[in-house]
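Inside the fold
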Amino acid sequence: MSNLSKRVNSFLALFRKKPEQEFNLLILGLNHAGKTTLAARIGSESEEAIRSITPTTNQTEKHLRFKKLKVCMRDVSGQWRMRQTWHTYYQEANVLIFVVDSTDAFRLAEARCELCDVLLDERLSEVPLLILANKQDALGALPSAIITDLLGLRQLGGRLWHIQECSALGNDGIDVSMKFGTESIYISSNYTFPMPDHQ
Ligand SMILES: Nc1nc2c(ncn2[C@@H]2O[C@H](COP(=O)(O)OP(=O)(O)OP(=O)(O)O)[C@@H](O)[C@H]2O)c(=O)[nH]1
Ligand SMILES: [Mg+2]
């Protein structure tokens, strides 16, 4: 190729559309926390489908568009023996969503241990963390301030994190949660597109 055609080619390349990047949201948490219900809610599934969700056996992936971003949501099982497979999804994660059942005070210590383990992994060291204090519609749900203490979130240091009360089943607090999700993608990946408005 001549020098001239090389230069023309590189000039034209400036105008070619880059393939759109897809961002990975990894949804973790203990079994029964509400991860699949959340994923179905974000994916705008029907009420009937959302209310007939059963425990996850295989991980599921949903590709969708959220606030102008192309997103892949990974929802994995929180059953004890399946937690050993979580690490296989760390490498690609851009945002980690950790769902807790706010009504299950007894299992918050277990959730804290699992979360600690997850956050110790080097592959997630730069990944923003969104904690969802789910099931706020249910009687006895603990507020996010108490869950923050019980999970030891104030000791997270420099990591970008946020805790949000929500009800995946009642569709409450999901939009505001995802606002953190998308903003943290923009911040952590230096994504150059304009920030979307969140109306
Ligand atoms: N009251 C209430 N129940 C919820 C909420 N979110 C989920 N649930 C219920 O909690 C139960 C477990 O929900 P799942 O979404 O299957 O939980 P999961 O975290 O995916 O569980 P695994 O797949 O076993 O890891 C279901 O009966 C849901 O209907 C919520 O916001 N409020
Ligand atoms: Mg599930």
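A few points on the structure. Residue numbering note: each chain is counted from 1, following its sequence as written. All chains are assigned letters beginning at A, and all ligands numbers beginning at 1, according to the order in which they are written. At least 70 in pLDDT is required for a residue's local features to be given in this predicted model, at least 80 for side-chain atom pairs to be given and counted, and no such filter applies to totals for whole chains, interfaces and linings, which use all residues. Values reported for side chains reflect all heavy atoms of the structure, with hydrogen atoms and water molecules removed beforehand.

**A few points about the pairing of strand β3 (residues 69-75)**
So the rule is basically this: The buried label goes to any residue with under 20% of its type's maximum accessible area, the exposed label to any with over 50%, and the partly exposed label to all in between, with areas taken from a 1.4 Å probe on protein chains only. Labels follow the DSSP assignment, with helices taken as runs of H or I lasting at least four residues and strands as runs of E lasting at least two, numbered in each case from the N terminus. Whether two strands pair depends on DSSP finding at least two bridges between them.
Of all the 7 residues making up β3, 6 are buried; the element is thus mostly covered by neighbouring parts of the structure. Bridge count for strand β1 (residues 22-28) against β3 is 6 bridges, and the pairing is parallel. Each bridged residue has a counterpart across the sheet, and for L25 the counterpart in β3 is M73. Taken together, the 7 bridges between strand β2 (residues 60-66) and β3 define a ladder with antiparallel strand orientation. Each residue of the ladder has a partner; that of L64, found in β3, is V71. Connecting the antiparallel pair β2 and β3 is a turn made up of 2 residues, with K67 showing a positive phi of about 45°.

**Side note on the coordination of the magnesium ion (ligand 2)**
What counts here: Sites may look incomplete, because water is not among the atoms used; the donor set itself consists of N, O and S atoms within 2.8 Å of the metal (3.2 Å for Na, K and Ca).
Taken together, T36 (OG1) and T56 (OG1) make up the full set of protein donors to the magnesium ion (ligand 2), lying 2.0 Å away. Of this pair, T36 sits in helix α2 (residues 35-42) while T56 sits in the loop between α3 (47-50) and β2, placing them 20 residues apart in sequence. Residue T36 is classed as buried on the basis of its relative accessible area of 18%.

**Quick word on the pairing of β1**
Among the 7 residues in β1, 6 count as buried, and that is most of the element. Note: β1 against strand β4 (residues 95-101), 4 bridges, orientation parallel. The residue of β4 that forms the bridge with I27 is I97.

**Concerning the nonpolar core**
Quick reminder of the rule: Grouping buried Ala, Val, Leu, Ile, Met, Phe, Trp, Tyr and Cys residues that are joined through side-chain atoms within 4.5 Å yields what is termed a nonpolar core. The contact definition used throughout considers only heavy atoms, calling two residues in contact when any of these lie within 4.5 Å.
By size, the foremost hydrophobic cluster in this structure holds 26 residues, and its most contacted members are L28, L96, F98, I131, I147 and L151. Per element, the largest residue contribution to this core is 5 residues, and it comes from helix α4 (residues 108-119). Sequence-distant contacts of L28, defined by excluding residues within four places in its chain, comprise K35, V76, W86, Y90, L96, I97, F98, V99 and V118. F23, L69, V71 and I174 belong to the second-largest nonpolar core, a separate cluster that totals 24 residues.

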